[in-house]
Amino acid sequence: MGDMDPHIFAVAEEAYKQMARDEKNQSIIVSGESGAGKTVSAKYAMRYFTTVSGSASDTNIEEKVLASSPIMEAIGNAKTTRNDNSSRFGKYIQIGFDKRYRIIGANMRTYLLEKSRVVFQADDERNYHIFYQLCAAASLPEFKELALTCAEDFFYTSQGGNTVIEGVDDAEDFEKTRQAFTLVGVRESHQISIFKIIASILHLGNVEIQAERDGESCRVSPEDEHLSDFCRLLGVELSQMEHWLCHRKLVTTSETYVKTMSLQQVVNARDALAKHIYAQLFHWIVEHVNKALHTSLKQHSFIGVLDIYGFETFEVNSFEQFCINYANEKLQQQFNSHVFKLEQEEYMKEQIPWTLIDFYDNQPCIDLIEAKLGILDLLDEECKVPKGTDQNWTQKLYDRHSGSQHFQKPRMSNKAFIVIHFADKVEYLSDGFLEKNRDTVYEEQINILKASKFPLVADLFHDGKDSAPTATASSKINIRSSRPPVKASNKEHKKTVGYQFRSSLHLLMETLNATTPHYVRCIKPNDEKLPFHFNPKRAVQQLRACGVLETIRISAAGYPSRWSYHDFFNRYRVLVKKRDLANSDKKAICRSVLESLIKDPDKFQFGRTKIFFRAGQVAYLEKLRADKFRAATIMIQKAVRGWLQKVKYRRLKGATLILQRYCRGYLARRLAKHLRRTRAAVVLQKQYRMQRARRAYQRVRRAAVVIQAFARGMFVRRIYHQVLREHKATIIQKHVRGWMARRRFQRLRGAAVVIQCGFRRLKAKQALKALRIEARSAEHLKRLNVGMENKIVQLQRKIDDQNKELKTLSEQLSAITSTHTMEVEKLKKEVACYQQSQGEDRGPQLQEEVESLRTELQRAHSERKVLEDTHTREKDELRKRVADLEQENALLKNEKEQLNNQILCQSKDEFAQNSVKENLMMKKELEEERSRYQNLVKEYSRLEQRYDNLRDEMTILKQTPGHRRNPSNQSSLESDSNYPSISTSEVGDTEDTLQQVEEIGLEKAAMDMTVFLKLQKRVRELEQERKKLQVQLEKKEQQDGKRVPADQPSNDSDLDQDADLAYNSLKRQELESENKKLKNELNELRKAVADQASEHSPAAAGTPDSYSLLLNQLRVANEELEVRKEEVLILRTQIVSADQRRLAGKGSEPNINARTSWPNSEKHVDQEDAIEAYHGVCQTNRLLEAQLQAQSREHEEEVDNLKAQLEALKEEMDRQQQTFCQTLLLSPEAQVEFGIQQEMSRLTNENLDLKELVEKLEKNERKLKKQLKIYMKKVQDLEAAQALAQSERKRHELNRQVTVQRKEKDFQGMLEYHKEDEALLIRNLVTELKPQVLAGAVPCLPAYILYMCLRHADYVNDDLKVHSLLTSTINGIKKVLKKHNEDFEMTSFWLSNTCRLLHCLKQYSGDEGFMTQNTAKQNEHCLKNFDLTEYRQVLSDLSIQIYQQLIKIAEGLLQPMIVSAMLENESIQGLSGVKPTGYRKRTSSMPEGDNSYCLEAIIRQMNSFHTVMCDQGLDPEIILQVFRQLFYMINAVTLNNLLLRKDVCSWSTGMQLRYNISQLEEWLRGRNLHQSGAVETMEPLIQAAQLLQLKKKSPEDAEAICSLCTALSTQQIVKILNLYTPLNEFEERVTVAFIRTIQAQLQDRNDPQQLLLDFKHMFPVLFPFNPSSLTMDSIHIPACLNLEFLNEV
């Protein structure tokens, strides 16, 4: 190798040979800049030594030496801007050899680990490799307890920005590191402990430190997950570590203080602790590796390999770069000393003519660094100063070394200094020099780690720790350890990092100077880390800086090789001639030999004690020596090989003769045996052939006889069957013709019945119309008014009698005045007694009333049953009639449909096709745009999470005391949502939504059947009400039109109208007053119940008396109210009649005078009395006419209702006819299914009607029970009041009490809260709310409550309150979802509430597009002052995020079940034995234990999903989209596994898939989810199952496969055919020709070049507008929500 180009193996070989030849210790010094390849060169050198020398024992020491490299690279190498695998420490490995020069052990020393990289990395740099390797393997089962995620999630590994090195697999490198640990003898438990310590460092970096408001103290939350993980992994107490991270102990002579630290001090202390832990772990690993490489055998010699950091210069250079460059200065000095100084001194000592050469000496630069009062000395001195700073130290350097030629001061900085090194000029920034030199860690934190329950962690931090055992020194040189033993720890005299590094560097220099050095200079081709790119100028600069050019110049002019005369004679004695050996002078012999062998005298020189050679001469002498030995060796080999060949020839000849003899005898015996067997075979063949021919003839004869017998029987049976079929056909024709005749007769009879019904209905209408006309006629009114005159006369007589009695009473009144007082007192006593007796007797009456109420309730239930039975009978009759009509119109509908189909087929043209294509393209573009937008929302949520993390970190670093309030006009949505303001109208949004629903189609926009039928019923009712109102309006217009052209009305008609108006107004006023009084009473009862709710209930004995008293008072009050109403009506009627009489005046006098007598009275009547009687009659007539009109209106309303019912029946009949016609066009199977669906919808409607009726009755029952409870509580409350008022009743007269109560105000659907209660509202309603609490409440109750609070804020026009409430709500929902990111029920709950809040904001926004389905009451609840359009967009995006999280959780639960349930589980019994031949069972895919799932498990899981979403009120459209996404995932996972596994591509698997898919489809139909499009997503899997079951032989089969498998790509079809495995040996595989035929037929397809489906693909979600039918004032807030601070407005 010495003649080859420079190679690392050549240098290693030279060192190994010199060690063996000269018996001297060797050193290989690998040097160069950072990134030049020093570490790789050192590895190759050690690989060469282990390969060449081998091991002296069975301990595989050479493998352990090589295994130490990946370990040290993992824990000591990192990526920098100059090198992707830069060594951040120095190491010197001594490989020990025995006397036979075989490896017996090794020892490693390390220098200056760059600890600051653990806590800080510059841009585009990484931490040590072990951190990223551990994060890459965090998913392994044994590392679950480490609680690690990706490297981007940890602060200590993500500061450089890019955590990945191109071309490097961290997971694979981690496996190599673990194997190396195992090889060097690190137990598995120790490995786990090491990884725990490394993981704890990462968690320590993520501990959140929060500054207090004073700025002088900090705290760490005890709930911090990373701090708990740190303490758990290290086995220390959480409370102590939490305390001493933020505090420090100050010890004085008298006392000990505990002082708090600022935020920056705590961060520095945390980083120092992380660095100290990693450094101690690093030294422990090095010591353990040295123990593994240590040997007890005696070391004869060693070869040292020095791999130390190269010269470094960055934009910012700190203490580490200073120490690295200082070490390179020392190595360069050693190189100069060896190559230049010692070389020239050797020449002068041996008296060889030589000319001195000038070379660069870097001793002044080294003195500047390490001399007394040098840079390191001043640094140690400044560290001892109590308040020393980096700036003071820098100033001392300026003052001391400003005159040095190797020291400069920067022009623009007072915190940096420049040192001129041998390679380049480097500027160092002094910030952090003192802290890194001190390397201080607080003692309290170390004491906590010493008390760890893990032995390894405790051993790392104990004092007085022994250093690693080093290799035994050779007999010639004593090698000392690079880490001198440290004395007992003393704070005042602790060794600094600079002092320790300087001491270890001096020891290294002593070791290198005691060995023969070999230099490997690594040259960096370029600074960009580019392959195959060479920068000549940069290479020359490095060669000049490291002295290679000077070395070449000196080597060319000098004598690099030298031998002593004694060693030269002993080595090259074989080249000396025999006559020269007679001379006893060895120098003379050497001179004669060299002069004879080397003709050029300039190639060597004779010194005093040595011979010096030019380059290459020693190799030439070695070649001559080797040639001499080779010639002698060939002569010896020639003689030995000739003797061996002769012996071998004699042995072969004897063996050949013996073999020939035995072979000839064997051949003769075999020939004789063959002749005997041939003769015997001929005889056997003759006999066998005869027997076989005879048996064949007999078999053919028997077969012919059997065939003839069966053929003759077959012909006879065929004739018999033909005759039998003709007879049966005749019977069938007879019955069919009779059935057709009967069906025609029934159809005609049904038509006749329908015609009769129509004619009778027409006659009934005419009769009803005649009755109405008769009822409105005047004759009818006359008949009703017969006998009114007699009544009027009787009333007049009664008035006269009353007047007479009034006179007599007035006379008697004056007579009994004196006895008035006595009677009053007497009456009071009687009333008191009456009250007591009445109170005692009301108990049984109350029980009787309760029993009567129960009987009425039972009667109502019986009436309801009767109504249901009647309704059922009528419904059956209507169904029969509809069936007859459908049968009658079937033929006409069929003909109509056929004609329509023909017309449609003829009318299709190119324009229609183009429009269809354009619509499809627009739908596709809309879906793609929606998918892109939702992907952006998903990416935004991820970035938002990352932004929150960064914001928390910035808050920790920059948080200041106090609270900063954002301006009121600044929207927090800019920080929460990052969306621009949207001010467009929601009408456009509604139109877009409707358009999207139309584009998506009926299947995707289908809703739950129950809700759909309810809405459909509601629409029909509203349509009927609209028609009724329209008919009434038309009637009113017709009546008004008739009244306009009429003549002037008479005075009587005017008076009648006035009387009607007066009567109606009086009646309305009375009803209003009665309503008010009832409300007052109810309000009073509620108030009393509320006042006494907290008091204890009274004794049970007093309850019946009080309750009866209350009922008695209510009944008396009602009777008195009725009496007063009648009196008021009479009085007001008399007042109105008097007013009309005065208005009538004189015009009515002649008519009255014309009547001189009454029919039933002969006495004379005064004129005034007659007028008054006449007006009374008129008034009575008007009252009767008003009653008649009211009855006629009721009659008309009943008639209109009957007409409306008739119209509804007609519409229902038309709809059923259309349905029947559509059914006839379908296939028989579809007709059956469609009929079942129609019957289900009809029964559902009926059940809904009955359910509503039951709910009403139950509601009334609950209302009565509630009123009963209220009355009972009211009685209990009034007992105390009665006791107090008893004395007053004795003193005063019994009077009816009139209670004046406050007028009740209706609840307006608004909730008021104070600003300070907003956080409590969000906590109780959002962050701490559990779905189980609202199990029986209204679905989406939190959304309604939030909107009512928002509506009140809008009502009071408080924009800050609206903004704050919405922002807090959105942030609270995000927080809850982040906390419960794996809880399906919680995610579904907030998805439904978020969507409902979004719908409420739309429904009550005031936009007409969203108010089409609102009631008048709901329109009153709309927002008045604010437009929340942009908040609706934010809520929509939040709903998308929640939906994506819901899908992720559901997929995570379903995915482990899919492969086992769909492909491996045996759903169809009997297919287990039908498996592909030649394959054994896969244990990984088909587990037998608890990990196997069946299809029922998937169905149960989906049932659970469906139940949760339905119970929580999630919109049916969203539920459909959820199951569509889940079914797509099932399809993708199953199909991907089918395409990747050959053992499941068989006929039995296809049958299994068909069965499983049918079960899933049945489940969809059972849950009314078949319109979601989920079945369409399963189409590729259905076609794959069919493909496995089809024939695969002929071209027709290929055409059938191509026409069937439209959802599968060409690549997928070919893959399944290639993987198809026969079930048994009788079935053939799919031929290559058949597959090529498939490919040829499918080559025109434009299929995607993707074999597997993306099971993570997510369809875009659509949230259609779904308004609520509830009004805000009907919502009740349960007490379990703890929202007592909300006030109803």
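Conventions adopted
Per-chain numbering applies: the sequence of each chain, read as written, is numbered from 1 onward. Selection of residues for local features in this predicted model requires a pLDDT of at least 70, selection of side-chain atom pairs for listing and counting requires 80 or more, and totals for whole chains, interfaces and linings are taken over all residues. Based on all heavy atoms of the structure, the side-chain values leave hydrogens and waters out of the count. Strands here are runs of E lasting at least two residues and helices are runs of H or I lasting at least four, both read from the DSSP assignment and numbered beginning at the N terminus. Partly exposed describes any residue whose relative accessible area lies between the buried limit of under 20% and the exposed limit of over 50%, with all areas from a 1.4 Å probe on protein chains only and scaled to the type maximum. For the purposes of these results, a polar contact is taken to be a pair of N or O atoms within 3.5 Å, where, inside protein, one atom must be able to donate a hydrogen and its partner to accept one; residues adjacent in sequence count only when each atom of the pair is a side-chain atom. How sure the predictor is of each residue is captured by pLDDT, a score from 0 to 100. Any two residues having at least one pair of non-hydrogen atoms within 4.5 Å are treated as being in contact. Should a side-chain nitrogen of Lys or Arg be within 4 Å of a carboxyl oxygen of Asp or Glu, the pair is scored as a salt bridge. A pocket, in this scheme, is an open set of points on a 1 Å grid over the protein atoms alone with protein on both sides within 12 Å along at least 5 of 7 lines, while a cavity is a set where a 1.4 Å probe fits but cannot get out; residues line either one if an atom lies within 4 Å of a point. Grid points are joined across faces, edges and corners, and a volume is the space filled by probe spheres set on the points. Nonpolar residues are Ala, Val, Leu, Ile, Met, Phe, Trp, Tyr, Cys and Pro. Charged residues are Asp, Glu, Lys and Arg, and all others, Gly as well, are polar. The span you would expect from a helix comes to 1.5 Å times its residue count less one. Summarising the geometry, the arc corresponds to the directions from the helix axis toward the C-beta atoms. Definition of nonpolar core: a set of buried residues of the types Ala, Val, Leu, Ile, Met, Phe, Trp, Tyr and Cys, connected through side-chain atoms within 4.5 Å. Being paired, for any two strands, means DSSP has found at least two bridges between them. Think of a patch as exposed residues, more than 30% relative accessible area, with no salt bridge, where like charges cluster within 9 Å and nonpolar side chains (Val, Leu, Ile, Met, Phe, Trp, Tyr) cluster within 5 Å. Working definition of accessibility: Shrake-Rupley area with a 1.4 Å probe, residue cover restricted to the visible protein chains. Here Asp and Glu are counted as negative and Lys and Arg as positive; His is not counted, and neither are the chain ends. For this purpose, a charge sits on NZ of Lys, CZ of Arg, CG of Asp or CD of Glu. Helix axes are fitted to C-alpha atoms over the stretch in contact, other axes to C-alpha atoms as well, and angles between N-to-C directions run from 0 to 180 degrees.

Okay, the side chain of Gln 1418 next. As for its placement among the helices and strands, Gln 1418 is situated in helix 39 (residues 1416–1419). Of the residues examined, Gln 1418 reaches a relative accessible area of 1% and is grouped as buried. Polar contacts involving the side chain of Gln 1418 include one to the main-chain amide nitrogen of Thr 1415, which spans 3.1 Å.

Atomic detail in the predicted coordinates should be set aside for any region of low pLDDT. Here the protein averages 77 in pLDDT, and 75% of its residues register 70 or above. Mean pLDDT per element in the protein: helix 27 (residues 973–976) is the minimum at 35, and helix 4 (residues 129–136) is the maximum at 93. Confidence drops under pLDDT 50 across residues 1146–1163; counting only partners more than four residues distant or on other chains, this segment forms 14 contacts. Low pLDDT, under 50, characterises residues 1290–1305; the predicted model gives this stretch 15 contacts beyond four residues in sequence or across chains.

As enumerated under the stated definition, the model contains 32 salt bridges in all. The shortest N-O distance in the salt bridge between Asp 627 and Arg 630 comes to 2.6 Å. On the criterion of helical spacing, the pair formed by Asp 627 and Arg 630 is a turn pair, its members being three residues apart in helix 22 (residues 617–776). For Arg 630, a relative accessible area of 46% corresponds to the partly exposed category.

Turning our eyes to something else, we now look at empty space enclosed by the protein. This model, assessed by the stated rule, comprises eleven cavities of 30 Å³ or more. Roughly 200 Å³ of volume is contained in the largest cavity. If you go around the largest cavity, you meet 19 residues; those closest to its centre are Gly 32, Glu 33, Phe 422, Arg 521 and Cys 546. Within the lining of the largest cavity, the residues separate by chemical class into eleven nonpolar, six polar and two charged.

Turning to unusual backbone geometry, a few remarks are in order. Notably, Tyr 101 is not glycine yet its phi reads approximately 60 degrees, a positive angle. The topology assignment puts Tyr 101 in the loop between strand 4 (90–97) and strand 5 (103–111). For Asn 1568, which is not glycine, the phi torsion reads 55 degrees and is therefore positive. Structurally, Asn 1568 is set in the loop between helix 43 (1547–1566) and helix 44 (1574–1577). Look at Asn 1568 and you get partly exposed, because its relative accessible area is 21%.

This brings us to helix 13 (residues 390–401). For helix 13, built from twelve residues, the straight-helix expectation of 16 Å at 1.5 Å per residue is met to within 8% by its first-to-last C-alpha distance of 16 Å. For helix 13, every residue scored as buried is listed here: Asp 390, Trp 393, Thr 394, Leu 397, Tyr 398 and His 401. Angularly, the buried residues of helix 13 cover 145 degrees about the axis, an arc narrow enough to put them on a single face. Lining the buried residues of helix 13 we find helix 11 (363–370), helix 12 (375–384), strand 11 (407–408), strand 12 (416–420) and helix 14 (433–438).

What follows covers the nonpolar core. Inside soluble globular proteins, nonpolar side chains tend to come together where they are buried. The biggest cluster of nonpolar side chains holds 124 residues, and the ones touching the most others in it are Ile 1345 and Phe 1523. For this core, the leading source of residues is helix 40 (residues 1429–1464), giving 18 residues. Filtering out sequence-adjacent residues up to four positions away, Ile 1345 remains in contact with Leu 1311, Leu 1325, Ile 1677, Leu 1681, Leu 1683 and Leu 1686. Core analysis: the next-biggest nonpolar cluster, separate from the first, contains 103 residues, Ala 180, Val 186, Met 261 and Val 266 among them.

Our next topic: the sheet that holds strand 12. Taken in spatial order, the three strands line up as 11-12-13 in an open sheet, and their pairing is antiparallel. In this open sheet, the two edge strands, each paired with only one partner strand, are strand 11 and strand 13 (425–429). Note that strand 11 and strand 12 share two bridges and pair antiparallel. Among the inter-strand pairings, Gln 408 is bridged to a residue of strand 12, identified as Ile 418.

A grouping of Arg 761, Lys 765, Arg 881, Lys 1203 and Lys 1210 is seen on the molecular surface, where their side chains present a positively charged patch. If you list the elements that add at least two residues to the positive patch, you get helix 22 and helix 33 (1167–1224). By secondary structure assignment, the location of Arg 881 is in helix 25 (residues 820–907). For Arg 881, a relative accessible area of 48% corresponds to the partly exposed category.

For the rest of this paragraph, the subject is the sheet that holds strand 5. Pairing is mixed in the open sheet, where five strands are placed in the order 5-4-10-1-14. For this open sheet the edge positions go to strand 5 and strand 14 (516–522), each flanked by a neighbour on one side alone. Between one strand and the next, the sheet's axes are offset by a mean angle of 15 degrees, whatever the strand orientation. As defined by bridge partners, strand 4 adjoins strand 5 across eight bridges and the pair is classed as antiparallel. For Phe 97, the partnering residue across the bridge sits in strand 5 and is Ile 103. Here helix 2 (residues 38–53) sits on the sheet in contact with strand 1 (26–32), strand 4, strand 5, strand 10 (301–307) and strand 14, set at roughly 160 degrees to strand 10.

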